[in-house]
Amino acid sequence: MRITISGPAGSGKTTACSKLAAVLSLDAVVFGNIFREFAAEKGLTLTELGDLAEKDRSIDEMIDSRIVQIARDRDDIILESRLAAYMLNRNGIPAFKIYMDASPDVRIKRVGIRENETAEQALKVTAERQASEERRYKTYYNIDLKDTSVYDLIINTDDLDPDQVIQLILEALEDNGCL
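Parameters and conventions
Residues numbered from 1 in each chain as written. Predicted model: local features only at pLDDT ≥ 70, side-chain atom pairs only at ≥ 80, totals over all residues. Heavy atoms only, no water. Helix = DSSP H or I, 4+ residues; strand = E, 2+ residues; numbered from the N terminus. Contact = heavy atoms within 4.5 Å. Areas by Shrake-Rupley, 256 points an atom, 1.4 Å probe, with all protein chains shown as cover. Buried < 20%, exposed > 50% of the residue type's maximum accessible area, 1.4 Å probe, protein only. Phe/Tyr/Trp six-rings, centres within 6.5 Å; stacked < 30°, edge-to-face > 60°. Core = buried A, V, L, I, M, F, W, Y, C linked by side-chain atoms within 4.5 Å. Salt bridge = Lys/Arg side-chain N within 4 Å of Asp/Glu carboxyl O. Pairing = 2+ DSSP bridges. Axes fitted to C-alpha atoms, helices over the stretch in contact; angles between N-to-C directions. Expected span 1.5 Å × (residues − 1).

## Overview of the overall build of the chain
Thinking step 1. In terms of regular secondary structure, the chain is built from eight helices and five strands.
Thinking step 2. Ordered by position from N to C terminus, the α and β elements of the chain give β-α-β-α-α-α-β-α-β-α-α-β-α.
Thinking step 3. In terms of principal-axis extent, the alpha carbons of the chain reach across some 40 × 35 × 30 Å.
Thinking step 4. Sequence separation of at least 24 residues holds for 72% of the intrachain contacts in the chain that already meet a minimum separation of 6.
Thinking step 5. Surface accessibility of the chain: about 9,100 Å² in total, with carbon and sulfur atoms responsible for 48%.

## Some remarks on the environment of G112
Thinking step 1. Mapped onto the elements of the fold, G112 is located in helix α6 (residues 104-115).
Thinking step 2. Overall, G112 belongs to the buried group, its relative accessible area being 7%.
Thinking step 3. Here the alpha-carbon distance between G112 and A39, two residues 73 residues apart in the chain, equals 19 Å.
Thinking step 4. What G112 contacts, discounting residues up to four positions off in sequence, is E117 and A122.

## What about the packing of aromatic side chains?
Both the distance between ring centres and the angle between the ring planes are used here to describe each pair of aromatic rings.
Thinking step 1. For the coordinates displayed, the defined rule picks out three aromatic pairs.
Thinking step 2. Seen from their ring centres, Y86 and Y151 are 6.0 Å apart, and the 85 degrees between their planes marks the pair as edge-to-face. Taken together, the residues span a long stretch of sequence, with Y86 in helix α5 (residues 84-90) and Y151 in the loop between α7 (119-141) and β5 (153-156) at a distance of 65 residues.
Thinking step 3. For Y86, a relative accessible area of 7% puts it in the buried group.
Thinking step 4. Owing to a relative accessible area of 9%, Y151 belongs among the buried residues under this scheme.

## What to know about the nonpolar core
Thinking step 1. With 33 residues, the main nonpolar core has F31, L79, L83 and I143 as its most contacted residues.
Thinking step 2. Listing elements by their share of this core, those giving two or more residues are α2 (31-42), α3 (46-55), α4 (58-73), β3 (77-80), α5 and α7.
Thinking step 3. The contacts of L79, once residues within four sequence positions are left out, are I3, T4, I5, V29, F31, I67, I70, A71, A84 and L88.
Thinking step 4. Membership of the second largest hydrophobic core comes to 21 residues, among which are I3, L24, V30 and I98.

## Considerations on the pattern of salt bridges
Opposite charge on two side chains makes pairing possible when the charged atoms of those side chains draw close.
Thinking step 1. Per the counting criterion, the structure on display carries 12 salt bridges.
Thinking step 2. For R57, the salt bridge identified is with E61, shortest N-O distance 2.6 Å.
Thinking step 3. In this structure R57 comes out as partly exposed when scored by relative accessible area, which is 34%.
Thinking step 4. A salt bridge links E128 to K124; the nearest nitrogen and oxygen atoms lie 2.6 Å apart. With E128 and K124 both in helix α7 and four residues apart, the pair spans about one turn of that helix.
Thinking step 5. On the basis of relative accessibility, which here comes to 31%, the residue E128 falls in the partly exposed class.
Thinking step 6. A network of salt bridges, in which partner residues are shared, links R36, R114 and E115.

## Some thoughts on the sheet that holds strand β1 (residues 2-6)
By way of backbone hydrogen bonds, the strands of a sheet pair with one another, either parallel or antiparallel.
Thinking step 1. Overall, parallel pairing links the five strands, which are arranged β2-β3-β1-β4-β5 in an open sheet. Of all strands in the sheet, those bounded by a partner on one side alone are β2 (27-30) and β5. Each strand of the sheet is rotated relative to its neighbour by a mean of 20 degrees, with strand direction disregarded.
Thinking step 2. With four bridges joining them, β2 and β3 adopt parallel strand pairing.

## What about α6?
Thinking step 1. End to end, α6 covers 16 Å across 12 residues, agreeing with the expected 16 Å (1.5 Å per residue, within 8%).
Thinking step 2. Lining the buried residues of α6 we find β4 (96-101) and α7.

By themselves these figures say nothing about function.
So this is what it looks like as C-alpha cells:
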C-alpha cells in the first residue's frame, strides 16, 4: 500500500512517517530530508534554497518527479512530502493520503526544538519557508496548499502524542480497507 503524509512544518509528519513505517514494516521516504541534503550540498540554508527554488523551478521539479517515480516503482511505500498527495493524485497513482496539521503556536514550538532555535527564530524561518512553498507550488503547479480535498484523512496533532496519531492512522487505514 502507498501512503502519503503531508502537512506544514512542525505538524508531526516526519515523526508519524517514521513510526508508521516501523509499525507497518514499510520503507519511508522523507522528501524534507532530500531538500535539506540538497541545501547542505550547496552550502545554503533552507530559506536560501527556497529563495533559489523560486527562481529555478528545476529544483522543485527534480524532487517532485522523484516522488512520482518512487510511487510508480513501489506499491508499498510511505512518502512524506508537502506535494506527494497532489502529485500522486494528478498522476493517477493510488495511495491513502494523510494530512497532518497543528496550530501555529504548537508548530513553531516543535520547529524551534527540532532546529535548536528560539521561538522568534523558528517563527521567522518557518513563515518564510511556508510563504516560499505556497508561492512556488501555486506558480509551478497551480496547487493551493490550503486545499485539503485531496486527502483521505486529516489529523490535528495539537493534543496528540505520536502514538495516538499512529493509532488514528491505523484505524483509518483499516476502516478504508487498506489493512
